[in-house]
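Structural overview
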Amino acid sequence: MESYINNAVLFIHEYRNMENSDIETNERFIKRVISPDWIADHLCDSWAGKNNDFGDFYLNLDHTIQADFVEAWGIQVEGLKEYKDKQAADPMFSLFAPAPMTITWLHGLVKYFYNNGIGGRKDLILSNLPAQDKRYGNSANWGSYILSLSSEGRELVLRQLYSHITSKSRI
């Protein structure tokens, strides 16, 4: 589980950098990471239309494209080659087969961020809560909140989220 926590912190740090970068920087990044060119161009247009809202962008990506971003940020996705090979052999595979756990976890994390406000949570213990106006859910608020915590605080929140997101009833 330790690697999933460390991966989540790196993932949050990198997507917050993306949210805070200008469109040209992100377009260069997308074009470096994604192929073929027509998909990269489509994603550049999509990113520009999302107004730096990473959650809205990321949650609409195919799991293999999510994995391309994650790996570009230095996070290894165990089982990705096999997943991509099976998907290439049978496009229906991606509809019914679970994505590699790293992708399932990070997708679930962003989905949770996007759909849940910070504070007033009955399912999580949160410390150092932000001001009232920062409590609505989105990738920017949650990312900034988690990155603002001490390493112990990050670990506490992310361990709880990991358990919550990866429970059998949530996948």
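One can find the structure itself at the top, above this paragraph.
Here is what the cut-offs are and how they apply
Residues numbered from 1 in each chain as written. Predicted model: local features only at pLDDT ≥ 70, side-chain atom pairs only at ≥ 80, totals over all residues. Heavy atoms only, no water. Buried < 20%, exposed > 50% of the residue type's maximum accessible area, 1.4 Å probe, protein only. Helix = DSSP H or I, 4+ residues; strand = E, 2+ residues; numbered from the N terminus. Arc of directions from axis to C-beta. Polar contact = N/O pair within 3.5 Å; in protein donor to acceptor, adjacent residues only side chain to side chain. Salt bridge = Lys/Arg side-chain N within 4 Å of Asp/Glu carboxyl O. Core = buried A, V, L, I, M, F, W, Y, C linked by side-chain atoms within 4.5 Å. Contact = heavy atoms within 4.5 Å. Patch = residues over 30% accessible without salt bridge, like charges linked within 9 Å, V, L, I, M, F, W, Y side chains within 5 Å. Areas by Shrake-Rupley, 256 points an atom, 1.4 Å probe, with all protein chains shown as cover.

Remarks on helix α2 (residues 23-33)
Those residues of α2 lying buried are N26, F29, I30 and V33. Looking straight down α2, one finds its buried side chains confined to an arc of 100°; they lie on one side. In α2, those exposed residues whose orientation departs by more than 90 degrees from the buried face are R28 and R32. At the N-terminal boundary of α2, the capping side chain belongs to D22, with an oxygen 3.1 Å from the backbone nitrogen of E24.

Here's the deal with unusual backbone geometry
Cis geometry marks the peptide bond from S35 to P36, where omega comes out at 0°. Of note, P36 is situated in the loop between α2 and α3 (37-49). One non-glycine residue with positive phi stands out, namely N52, at about 60°. On the secondary structure map, N52 appears in the loop between α3 and α4 (54-58). Given the relative accessible area of 25%, N52 is considered partly exposed. Even without a glycine there, the phi angle at N128 is positive, about 50°.

Side note on the pattern of salt bridges
One pass over the structure, following the stated rule, counts seven salt bridges. We note a salt bridge from E19 to R16, for which the minimum N-O separation is 2.6 Å. Separated by three residues within a single helix, E19 and R16 lie in helix α1 (residues 2-20), roughly one turn from each other. The partner of R159 in a salt bridge is E155, with the nearest N and O atoms 2.8 Å apart. Of the two residues, R159 and E155 are both situated in helix α10 (residues 151-166); the distance of four residues between them amounts to about one turn of the helix. Counted as one network, the salt bridges with shared partners bring together E2, E155 and R159.

Topic: the nonpolar core
Counting residues in hydrophobic clusters, the biggest one holds 49 residues, and the most contacted among them are F11, I30, F69, L109 and L161. L109 has contacts with A8, I12, L158, L161 and I165, leaving out every residue within four places of it along the chain.

Describing the side chain of T64
With respect to the element layout, T64 can be found in helix α5 (residues 63-72). Discounting chain neighbours no more than four positions away, the residues touching T64 are Y83, K84 and Q87.

Things to note about a nonpolar patch on the surface
Where nonpolar side chains cluster on the molecular surface, the patch consists of M92, L95 and F96 and spans about 380 Å² of accessible area. Relative to the helices and strands, F96 resides in helix α7 (residues 93-96). On the accessibility criterion, F96 (67% relative accessible area) is exposed.

A few points about the environment of N115
Structurally, the position occupied by N115 is in helix α8 (residues 101-115). A residue is classified by how much of its surface remains accessible, and N115, at 54% relative accessible area, is exposed. Considered as a pair, N115 and A131 are 16 residues apart in the sequence and their alpha carbons are 19 Å apart.

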